[in-house]
Amino acid sequence: MKLEPSQKTLKAQLRKGMREKRAALDEHQRHSHDAAINRLLLEYAEQTTPAVIAAFRAFDGEPDIEPALKLLERRGATLALPVLSSAPGKLAITMRHWYSGGEMAANRFGIEEPVNSAEIRLVDIDLVLVPLVAWDESGGRLGMGASFYDRLFQPFEHMARPVRLGVAYQLQKTERVPTEPWDIRLHGVLTEQGRTNCADRA
């Protein structure tokens with residue numbers, strides 16, 4: 001009897017392929033895509049006026065949204081970045097205040113995070129900009145496999161706030177992301193080609 005690939009295997013295969021595609025972007029393409037994503041993010045923020053925004057630092061070829069974040073900070077938004085913290089039996093992330101010029105240090109994965117800054121509770125955040133490896137139109141999201149964001153969002157799974165907005169390149173879109181019961185869907189995804197509203201396609 002032929003066995004179907006497990007969800008874990010399917011995720012690993014998709015993750016490998018998408019990371020390779022993302023890494024293959026040349027410098028000109030990446031610069032152009034990032035500029036478009038920053039512009040569209042600023043437009044979205046102008047329309048929705050989030051007061052508190054959680055974001056991420058670009059890593060492993062992810063879009064660099066720092067130019068837009070710095071401008072949003074100057075416009076009065078409070079910003080937060082994920083910080084690794086110890087949880088019973090596993091690592092987790094919390095969101096902590098980030099501001100231009102604040103002290104930063106690399107975590108165990110080499111990602112910079114704020115040092116000695118105040119924690120910002122998810123309930124107080126309006127918009128979370130979520131990194132990802134692959135996405136689909138129903139809000140399916142494939143991350144790096146640690147389930148940090150799924151555990152973070154789990155208590156808010158059926159809530160409209162904070163808005164869970166994935167940020168990625170269009171080439172990371174796939175027909176269907178393999179999902180499991182604990183995977184939390186995105187409300188939308190922002191790429192260089194625009195914003196996809198996933199809430200009505202799940």
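Below, the structure is looked at part by part. This is a predicted model, so every value here is computed, not measured.

What follows covers the pairing of strand S11 (residues 194-197). Bridging between strand S10 (residues 188-191) and S11 involves four bridges; their strand directions are antiparallel. Bridged to glycine 188 within S11 is asparagine 197. Between S10 and S11, which pair antiparallel and follow one another directly, the connecting turn spans two residues.

Right, let's talk about the nonpolar core for a bit. In terms of nonpolar packing, the biggest core is built from 47 residues, with Ile65, Met95, Ile125, Val128, Leu129, Tyr149 and Phe153 touching the most fellow members. Examining the composition of this core, we find that six residues originate from one element, helix H2 (residues 27-48), more than from any other. Discounting chain neighbours no more than four positions away, the residues touching tyrosine 149 are Ala55, Phe56, Pro82, Ile93, Met95, Val128, Val130, Pro131 and Arg141. With six residues, the next largest nonpolar core counts Leu14, Met18, Leu142 and Val177 among its residues.

Because the α-helix completes a turn every 3.6 residues, residues three or four places apart line up on one side. For helix H1 (residues 7-23), spanning 17 residues, the distance from its first C-alpha to its last is 24 Å, which sits close to the expected 24 Å at 1.5 Å a residue. All buried positions along H1 are accounted for by Lys11, Leu14, Arg15, Met18 and Arg22. Burial along H1 is one-sided: seen end-on, the buried residues are contained in an arc of 105 degrees. Of the exposed residues in H1, the ones pointing more than 90 degrees away from its buried face are Gln13, Lys16 and Ala23. Where H1 is buried, its residues meet H2, strand S7 (134-135) and strand S8 (141-142).

Two elements in contact, H2 and helix H3 (residues 66-74), have axes whose closest approach is 8 Å; the angle formed by their N-to-C orientations is 30 degrees. As the angle between them shows, H2 and H3 are arranged roughly parallel. Judged by the sense of rotation from one axis to the other, the crossing of H2 with H3 is right-handed. For the pair H2 and H3, the contacting residues are Asn38, Leu41, Leu42 and Ala45 in the first and Glu66, Pro67, Ala68, Leu71 and Leu72 in the second.

Cut-offs and rules
- Residues numbered from 1 in each chain as written.
- Predicted model: local features only at pLDDT ≥ 70, side-chain atom pairs only at ≥ 80, totals over all residues.
- Heavy atoms only, no water.
- Pairing = 2+ DSSP bridges.
- Helix = DSSP H or I, 4+ residues; strand = E, 2+ residues; numbered from the N terminus.
- Core = buried A, V, L, I, M, F, W, Y, C linked by side-chain atoms within 4.5 Å.
- Buried < 20%, exposed > 50% of the residue type's maximum accessible area, 1.4 Å probe, protein only.
- Contact = heavy atoms within 4.5 Å.
- Expected span 1.5 Å × (residues − 1).
- Arc of directions from axis to C-beta.
- Axes fitted to C-alpha atoms, helices over the stretch in contact; angles between N-to-C directions.
- Parallel < 35°, antiparallel > 145°, perpendicular 65-115°, else oblique.
- Left-handed = near helix turned anticlockwise from the far one by under 90°.

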